[in-house]
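Each chain, letter by letter, is given below.
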Amino acid sequence: MSEVAVSKDPEGSPRPLEDLVVLTGVNKHFGALHVLQDIDLTIGRGEVVVVIGPSGSGKSTLCRTINRLETIDAGTITIDGKPLPAEGRELARLRSDVGMVFQSFNLFAHKTVLENVMLGQIKVRGTAKAEAETKARALLERVGVAAQADKYPAQLSGGQQQRVAIARALAMDPKVMLFDEPTSALDPEMINEVLEVMQQLAREGMTMVVVTHEMGFARSAADRVVFMADGRIVEQATPEDFFSNPRSDRAKDFLSKIL
Ligand code: ADP
Ligand code: MG
């Protein structure tokens, strides 16, 4: 087995050497609300970072700035060494490098499952139709919904729809996948089928940022837990460290409420 080079961050936890997503001094306001405050965050290639924190702490906004669904007021964000472009074709390409999966699935309602997974490949990547279909079918197989290919999203369960959303994001060969509470809208019996697909992706080495309240997933899949409160990163640590030894009062209070 090959050795993976690791560096030690100041807290002593190992992380991959190669930086993929780097946020430096990121600040964002919504009017008077300072929603992201001096965010410094580096995500290594192949790293799985789980972001947790109270409602309203800025987790979704953080995700949305990484694929520039939100602009920032100060600071820089780079992906693979390149700053986020402001607009146009470059921005479309960057967005396709950053796969995003939302709580609310966001599939195209009037397209079949297969078409949902083909569309971005054809429109953004310029992939030929036949090739896009082959790839879409393979991805649907991988997330366990190949039998639903010709149905419309409304004919699927929430868990199936979310797995299609993951397949659709993967079809763009993203460098990083962002998940914003991907299981929060699901009935309890469907949560695991989605988490299992995410676990598999993590094992395969996908770089992932996952906002979730699923602490079991955080413990088993995360390389690092980032805890946010009031627009700041309050602490970050390995899951073992964070769950057994939260340092800040905010984190202790949060964990006491959810565990
Ligand atoms: P979280 O995902 O951690 O619950 P959000 O990033 O969604 O937090 O929101 C952080 C804060 O920013 C909240 O107070 C929310 O009401 C506010 N907010 C989010 N989006 C907007 C927006 N588009 N305009 C104004 N305020 C917003
Ligand atoms: Mg949110």
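Described below are features of the structure shown in this document. (Residues numbered from 1 in each chain as written. Chains lettered and ligands numbered in written order. Predicted model: local features only at pLDDT ≥ 70, side-chain atom pairs only at ≥ 80, totals over all residues. Heavy atoms only, no water.)

Read from one edge to the other, the open sheet built from four strands follows the order β4-β3-β6-β7, with strand pairing classed as antiparallel. Looking at the sheet topology across the chains shown, the edges are occupied by β4 (33-44) and β7 (82-83). Judged from the eight bridges that link them, strand β3 (residues 19-30) and β4 form a sheet pairing that is antiparallel. The partner of L23 across the bridge, within β4, is L41. (Pairing = 2+ DSSP bridges. Helix = DSSP H or I, 4+ residues; strand = E, 2+ residues; numbered from the N terminus.)

Here the phi dihedral of R68 falls at roughly 60°; this positive angle occurs in a residue that is not glycine. Positive phi, normally seen in glycine, also occurs at D230, with a value near 50°. With respect to the helices and strands, D230 occurs in the loop between β11 (224-229) and β12 (232-237).

We now examine the pairing of β11. Of all six residues that make up β11, six are buried, and the element is covered over most of its length. Where burial is concerned, the two faces of β11 agree: the one with R224, V226 and M228 and the one with V225, F227 and A229 are both buried. Alignment of strand β5 (residues 48-52) against β11, held across four bridges, turns out to be parallel. Across the sheet, V49 pairs through a bridge with R224, a residue of β11. As defined by bridge partners, β11 adjoins β12 across five bridges and the pair is classed as antiparallel. The residue of β12 that forms the bridge with V225 is A237. Between β11 and β12, which pair antiparallel one after the other, the connecting turn spans two residues, and D230 there sits at a positive phi close to 50°. (Buried < 20%, exposed > 50% of the residue type's maximum accessible area, 1.4 Å probe, protein only.)

The computed volume of the largest pocket comes to approximately 560 Å³. Together, 25 residues line the largest pocket, and R95, V98, M100, R168 and M172 are the ones closest to its centre. For the lining of the largest pocket, the elements supplying multiple residues, two or more each, are α2 (88-97), β8 (98-101), α3 (113-123) and α5 (158-170). No other element matches α3, which puts six residues into the lining of the largest pocket. Looking at side-chain class alone, the lining of the largest pocket contains 15 nonpolar, seven polar and three charged residues. (1 Å grid on protein atoms, 1.4 Å probe; cavity = no way out; pocket = protein on both sides within 12 Å on 5 of 7 lines; lining within 4 Å. Points joined across faces, edges and corners; volume = space filled by probe spheres on them. Nonpolar A, V, L, I, M, F, W, Y, C, P; charged D, E, K, R; others polar.)

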